[in-house]
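# Commentary on secondary and tertiary structure
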Amino acid sequence: MLSPVRLFRRFGEDLSQFTQRWVPDSWTICLLLTVAALLLAMFGAGASPQQAALAWGAGLWRLLELAMQFTILMTMAHACVSSPPVYRLMNRLASLPDPEKPLQAVLVTAVFSLITAYLNWALSIVAGALFVPFVCRRNPKADVRILVAAAYLGLGTAFAGGLSASAPLILATPGNALLPVVNRLIPVTETLFTPFNLIFTSVFSLAGLLAVLALHPHRNPVTLTPEQIERILPAPPPPRAAPATPAQHLDQFRGWILLAAVLFAYPLGHSIVTRGFGATWTINAYNVVFIVAALLLHGRPGSFLNACRQGVGPTWGVILQFPFYAGIFGLMTETGLGAWLGNFFAGFATQKTFPLVVYVYSGFMNLFVPSAGSKWFIEAPYLIPAGRTLGVSPGTIVMAYMYGDANTNLIQPFWAIPILAVTGLRFGEVVGYTLMVALVCMAVGMAGMWVMPPNL
């Protein structure tokens, strides 16, 4: 009789074979979700085909600011990772596991993903993607599909309660568009730094870690050849050529780096000192931190600019697909589809079950709008008033929202684009394993929502 772990592993292998055959590319999934949203708008919210099409068009460019924020974050995270100090660190970390024990490689990759995701989601996406080739080179017996799932783990778990959780940061941002709904700023001390969030995020992450370890096959792992690894391995920063002209001397002047770093860092530091951390720590504050870090880690304009140029590559999916998801955003807001779905889920909730309802609903919506920040603007206007009626605080609602959103990140192809671009794998080759991890995390998450206090 097979043990539960072996049964779990075998089911994961069977599911992976199924998804490799049947799950299409992330671009195709984006279009399928668009079709599903159009049908829901027409047959659920009662919009006509013309109204649905116009609503999709109205939302097309409404998330450009958020798309630019995400693009800058991912580009700067890539620049940080490809800097000489971080490049050496990743190479060193990849050498820690015993090459004969692939589970150690999975463990190191998963822990790396969890830590970076807690610090910043963009850092985790890019650093996790670039870390996989280092691990593959040092650990040739590790299954590359499981390594990808491990590198993807943090975005589906630790990110939800981490320092870059976008919905709590929005509520802490002065002048945010949800102030009329919430009636006051909600500092991160009431959301991200509550005891419940710190404990839940730890348990949530540990469940995902154990699940991904249990999935690694004992025999016949899928691995990359040395030639394939060399093709996808990030190139180390090139040596700096000595300047030969006055223009080159100007281009390589270190003072430009210091000037730019000070110009970015000083206003942020001043805001933290005068207004406090909770009021300052927003999405744009994260942008500033990563820009300054990338500047200082490279130290030279040429190295920094070259790293940024390379870092734009993994963001192509955000740039291309974000307008389509913004179109779905338009369907949610302009046709009343978002309110219809929200009322459907909230209609049978009580104070005890409301966090669980928000958790499930947020995860479902994440399949259509894979952006916790932009989706929060759709959901908050009716979730927060509904929660207020039931006696559930905005802090509890926004954290339940984040946990559900992160859970389905594990099966959302949009955020897998960078790691698939680096490794050359198809989404269908890894989603079978990430789905298994998502189901384990969902069970833990739903149990956590059942005991979540209504007022954090």
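For clarity, every value in this text was computed on a predicted model and none was experimentally measured.

Cut-offs used in this document
Residues numbered from 1 in each chain as written. Predicted model: local features only at pLDDT ≥ 70, side-chain atom pairs only at ≥ 80, totals over all residues. Heavy atoms only, no water. Helix = DSSP H or I, 4+ residues; strand = E, 2+ residues; numbered from the N terminus. Buried < 20%, exposed > 50% of the residue type's maximum accessible area, 1.4 Å probe, protein only. Contact = heavy atoms within 4.5 Å. 1 Å grid on protein atoms, 1.4 Å probe; cavity = no way out; pocket = protein on both sides within 12 Å on 5 of 7 lines; lining within 4 Å. Points joined across faces, edges and corners; volume = space filled by probe spheres on them. Nonpolar A, V, L, I, M, F, W, Y, C, P; charged D, E, K, R; others polar. Core = buried A, V, L, I, M, F, W, Y, C linked by side-chain atoms within 4.5 Å. Salt bridge = Lys/Arg side-chain N within 4 Å of Asp/Glu carboxyl O. pLDDT = per-residue confidence, 0-100. Patch = residues over 30% accessible without salt bridge, like charges linked within 9 Å, V, L, I, M, F, W, Y side chains within 5 Å. Areas by Shrake-Rupley, 256 points an atom, 1.4 Å probe, with all protein chains shown as cover. Phe/Tyr/Trp six-rings, centres within 6.5 Å; stacked < 30°, edge-to-face > 60°. Axes fitted to C-alpha atoms, helices over the stretch in contact; angles between N-to-C directions. Parallel < 35°, antiparallel > 145°, perpendicular 65-115°, else oblique. Left-handed = near helix turned anticlockwise from the far one by under 90°.

The next point concerns the environment of G336. Counting through the fold element by element, G336 comes out in the loop between α18 (316-334) and α19 (337-346). Looking at G336, the relative accessible area reads 26%, which means it is partly exposed. Each C-alpha atom of the pair G336 and A45 lies 6.1 Å from the other, and the pair is 291 residues apart in sequence. Apart from residues lying up to four places away in sequence, G336 is in contact with A45 and L331.

With that settled, the discussion passes to empty space enclosed by the protein. Under the criterion given, the structure shown has 5 cavities of 30 Å³ or more. In this structure, the largest cavity spans a volume of roughly 100 Å³. Lining the largest cavity are 13 residues; nearest its centre among them are W121, F159, S371, A372 and W415. Those elements that provide at least two residues to the lining of the largest cavity are α21 (372-390) and α22 (394-409). Grouping the constituent residues of the lining of the largest cavity by class yields 7 nonpolar, 5 polar and 1 charged. Lining the second largest cavity we find S124, I125, G128, A129, A151, Y152, L155, W415 and I419. Taken together, the elements giving at least two residues each to the lining of the second largest cavity come down to α7 (121-138) and α8 (144-156). With 4 residues, the top contributor of residues to the lining of the second largest cavity is α7.

Core analysis: the biggest nonpolar cluster contains 156 residues, and W121, V212, W376, Y403 and W415 have the highest contact counts within it. The dominant element in this core, judged by the number of residues it contributes, is α7, at 13 residues. If sequence neighbours within four positions are ignored, Y403 has contacts with A160, F196, N197, F200, T201, F204, Y359, M449 and M452.

One pass over the structure, following the stated rule, counts 4 salt bridges. In this structure, E190 and R184 form a salt bridge, with 2.8 Å as the shortest nitrogen-oxygen distance. Exposure remark for E190: the relative accessible area of 28% places this residue in the partly exposed category. Its relative accessible area of 42% is what places R184 among the partly exposed residues. For D405, the salt bridge identified is with K375, shortest N-O distance 3.0 Å. Placement of D405 in helix α22 and of K375 in helix α21 is noted, with a sequence separation of 30 residues between them. The exposure classification of D405 matches that of K375, with both residues buried.

To continue, consider unusual backbone geometry. The phi torsion at N183 lies on the positive side, around 80 degrees, for a residue other than glycine. With respect to the helices and strands, the residue N183 is situated in the loop between α10 (179-182) and α11 (195-214). With a relative accessible area of 57%, N183 lands in the exposed category. Even without glycine at this site, N220 takes up a positive phi of about 55 degrees.

Our next topic: the environment of V262. Locating V262 in the fold gives a position in helix α14 (residues 254-275). Accessibility expressed as a relative area gives 54% for V262, which makes it exposed. As a C-alpha pair, V262 and V292 span 30 residues in sequence and 8.1 Å in three-dimensional space.

The predicted model of the chain has a mean per-residue pLDDT of 86, with 97% of residues at 70 or higher. Ranking the elements of the chain by mean pLDDT puts helix α15 (residues 277-280) last with 68 and α11 first with 96.

Bringing a nonpolar patch on the surface into the picture now. A surface patch of nonpolar side chains, about 540 Å² in accessible area, is lined by L250, F253, W256, L259 and L263. When residues of the nonpolar patch are assigned to their parent elements, the largest contribution, 3 residues, is made by α14. With respect to the element layout, F253 can be found in the loop between α13 (246-251) and α14.

Turning to the packing of aromatic side chains, a few remarks are in order. Aromatic ring pairs are reported here in terms of the distance separating the ring centres and the angle at which the planes meet. Per the counting criterion, the structure on display carries 10 aromatic pairs. An aromatic cluster is built from F196, F200, F204 and Y403, whose rings are joined through pairwise contacts.

It is worth spelling out the packing of α11 against helix α24 (residues 427-451) at this point. Remark: α11 packs on α24, axes separated minimally by 8 Å, with the N-to-C direction vectors making an angle of 155 degrees. With respect to each other, α11 and α24 are oriented roughly antiparallel. Classified by chirality, the crossing of α24 by α11 is right-handed. In contact with F196, F200, V203, F204, A207, G208, A211 and V212 of α11, α24 contributes V437, V440, C441, V444, G445, G448, M449 and V451. Partitioned by chemical class, the residues of the contact of α11 with α24 number 13 nonpolar, 3 polar and no charged.

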